[in-house]
Amino acid sequence: MCGIAGWIDWKKDLREQQHILKSMTDAIEHRGPDAEGAWVSENAALGHRRLIVIDPNGGKQPMLYQNNHHQIALTYNGELYNYLELKEELTGKGHTFNTSSDTEVLLHSYLEWGEECVRHFNGIFAFGIWDEEKKQLMLGRDHLGVKPLFFTEEGNGLLFGSEIKALLAHPEVNAEIDQTGLSELFGMGPMRTPGQAIFKNIQEVRAGHYMIYNEQGRKDVQYWTLESKKHTDDMDTTVNTIKEILEDTVKRQLIADKPLTTMLSGGLDSSGLTAIAGREYGEKTLSSYSIDFVNNEADFEEDFLRRDLDEPWVKRVSEHVGTDHTSIVFDAKKLVDNLLVPMKARDLPGVGEIETSLYLLFTEMKKTATVALSGESADEVFSGYPWFHQEEYLDAGVFPWLLNIGGIADVMKDDLLDRLHIEDYRKQRYQEALKELPVLEGESDIEAKQRRMSFMFITRFLPFMLDRKDRASMMTGFEVRVPFCDYRLVEYLWNIPFEMKNVDDIEKGILRRALKDYLPDDVRNRRKSAYPSTKDEAYYEGVKDWMLSILNDPASPILNLIDADKVRAMIEDKEQSTNMVKSLFDYLIQVNEWLKEYDVSVKL
């Protein structure tokens, strides 16, 4: 994994602007602490920060190909899990290789197939390729959007980078938000619209897309999408197919020249991946990590998404698989003190302590490993959330998660609410998503609603989850791989009926059957319990006091956007749900500090 950045300009001689490119790559040094590189021509400048995972000596970037007058430069972030097969295929077509890296395979794939190369990849990737002969840039991003890629058209050219901060490091890019950005910030929350980067004029290459940019302009191409068709496999075939894809993708994602570990929560998803990886490891001992909080056993309360404590199940799975396990425990003070780090990692406000604890966990994991496997995205692709069978959410006419975070917009000033029309904005974004939905003729009403719900979670909610994991991990120079995001698995699951996914009358029942040979029955049948959240009252008190200090400081920039009296009323209302208020305060604190830290101008 790495950090990439680049600059295309048709008027400036970029050979005289290398200091600016270095500022852009320095801004994302955390993504690649092991090495840096740059390549510059008259019209193009590519930069790279490297986190070494595969082929330490041969994967240096930007990587160049030159043949007579044809020169191509590549800067790349990610992993191609099928690079060995591609290398064999390309060798058969006459290509020769000088390294053992997947980077060189990606470069030669472009030489062989041009922009169609992305259709040959299985992996997580974001890259920029400059073709000197064509005077053309290609930007590509993986199928599900695991790896980030932002860009802005500025002046006489285009800038791109792994993170927004790389673009903001350029002197011609300003930190501004307009009406759309403000609507995203308060109307959508952290689950922003695909392609939107909140900052004015900054966009994101969407998942499953690539972009071609030259002097004639920009061309955006969607190379991958979900296709709806009738699922014809019987139950046994479906279970076996899921099992085979999972076994194959875990095996591929265990390839690394650096130490690898797994994230283990004791839930079905991470336990299944850990068990598959442990068996693949053979006689070697796989390590695993989990997270817990001080006093969690005493403070724990069952809620909508968390049914029981994780740690007893973590121990059960670790002993079953035989992992070398480490449980990391954090207190409330640690969480409050580090609340702003994930915001700085993603350059945008996030979800607060859940994201903070994830960052702190990766900080500890980085001490012994460079790569981890995560069970992220299983709930989205297997339709595992409770919302999939609750009419309130199936018939909401809006993204279901927004029903639970509406309070963010509610605290805005009335005049801003009148101007932004937040509810209309949310509905507009939902309708845009509906237009992309690949419907299947002949489905029942409930089946159509569940397919629609699945599409929303895969294309609108999952990007937020992947952003969270990428920024929290890469802030520490740590790579996290997500086997459940293998596009082959996602394609197959997309057309499996909800009733089959929930076979045995339990969420993700089909996955539980697929993991029968890997996990004990009690682990397989444990009901879903979401990523842990602290119940310590000390955390709530910490963010409440922080929120009060913001409200009491006339210079706080967020006071221009929110109704302070509404927020004070929440603090004083003893009947308010502590969890809901805590999440709101987490977010508002981040918005305020984001406005200050990035010196954001609000221009409506």
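Note that the coordinates shown come from a computational prediction; the quantities given were computed from them, not determined experimentally.

A.B. asks: I tried to follow the overall build of the protein on my own but got confused; where do I start?
C.D. replies: Looking only at helices and strands, the protein has 25 helices and 19 strands in total. At 24 Å, the protein has a C-alpha radius of gyration in line with the 25 Å of a compact globule built from 604 residues. Along the first, second and third principal axes, the C-alpha set of the protein runs to 75 × 60 × 50 Å. A burial count over the protein gives 62% of its 604 residues as buried. For the protein, restricting intrachain contacts to residue pairs at least 6 apart in sequence, the fraction spanning at least 24 positions comes to 74%. Of the roughly 23300 Å² that the protein leaves accessible, carbon and sulfur atoms contribute 44%.

A.B. asks: Could you clarify how one ought to interpret the pairing of strand β13 (residues 217-222) in this entry?
C.D. replies: If a strand is regular, its side chains alternate between the two faces of the sheet. One ladder, built from 6 bridges, connects strand β12 (residues 209-214) with β13; its direction is antiparallel. Within β13, the residue paired with histidine 209 across the bridge is glutamine 222. The loop that links β12 with its antiparallel partner β13 comprises 2 residues.

A.B. asks: What's the story with the sheet that holds β13 in this structure? I'm lost.
C.D. replies: In sheet architecture, strand pairing relies on hydrogen bonds along the backbone and comes in two forms, parallel and antiparallel. On the basis of which strands lie adjacent, the open sheet formed by 6 strands has the order β4-β5-β6-β7-β12-β13 and antiparallel pairing. Taken across any chain shown, the strands that pair with only one partner, and hence form the sheet edges, are β4 (63-67) and β13. Averaged over all neighbouring strand pairs, the angle between strand axes comes to 15°, with direction disregarded.

A.B. asks: I would appreciate a short explanation of the pattern of salt bridges in the present structure.
C.D. replies: A side chain of one charge can pair with a side chain of the opposite charge if their charged atoms are brought near each other. Taken as a whole and assessed by the stated rule, the structure comprises 55 salt bridges. Across the pair lysine 22 and aspartate 26 runs a salt bridge, and its minimum N-O distance is 3.0 Å. Within this pair, lysine 22 and its partner aspartate 26 are both found in helix α1 (residues 18-26), separated by 4 residues, close to a single helical turn. Sharing partners across several salt bridges, the network here consists of Arg31, Arg141, Lys147, Glu163, Lys165, Arg192, Glu204, Asp347, Asp467, Asp470 and Arg471.

A.B. asks: Would you mind going over the sheet that holds strand β11 (residues 203-204) with me for this structure?
C.D. replies: The antiparallel open sheet is built from 6 strands, whose spatial order is β2-β3-β1-β9-β8-β11. Strand pairing shows two members of the sheet lacking a second neighbour, β2 (35-40) and β11, which therefore form its edges. Pairing of strand β8 (residues 150-154) with β11, which is carried by 2 bridges, proceeds in the antiparallel orientation. Along β11, the bridge assignment pairs phenylalanine 150 with glutamate 204. Packed onto the sheet, α1 meets β1 (2-9), β2, β3 (44-50) and β9 (157-161) and runs at close to 30° relative to β3.

A.B. asks: Even after reading the chapter, I still don't get unusual backbone geometry, so can you show me in this structure?
C.D. replies: Following glutamine 61, the chain continues to proline 62 via a peptide bond in cis, the omega torsion being -5°. Counting through the fold element by element, proline 62 comes out in the loop between β3 and β4. Positive phi is not limited to glycine here, since isoleucine 198 has a value of about 70°. Looking at the element boundaries, isoleucine 198 is found in the loop between α5 (179-188) and β11. The backbone phi angle of aspartate 504 is positive, close to 70°, even though this residue is not glycine. The residue aspartate 504 is located in the loop between α20 (498-501) and α21 (509-514) in this model.

Reading the values: the criteria
Residues numbered from 1 in each chain as written. Predicted model: local features only at pLDDT ≥ 70, side-chain atom pairs only at ≥ 80, totals over all residues. Heavy atoms only, no water. Helix = DSSP H or I, 4+ residues; strand = E, 2+ residues; numbered from the N terminus. Rg over C-alpha atoms; globule rule 2.2 N^0.38 Å. Buried < 20%, exposed > 50% of the residue type's maximum accessible area, 1.4 Å probe, protein only. Contact = heavy atoms within 4.5 Å. Areas by Shrake-Rupley, 256 points an atom, 1.4 Å probe, with all protein chains shown as cover. Pairing = 2+ DSSP bridges. Axes fitted to C-alpha atoms, helices over the stretch in contact; angles between N-to-C directions. Salt bridge = Lys/Arg side-chain N within 4 Å of Asp/Glu carboxyl O.

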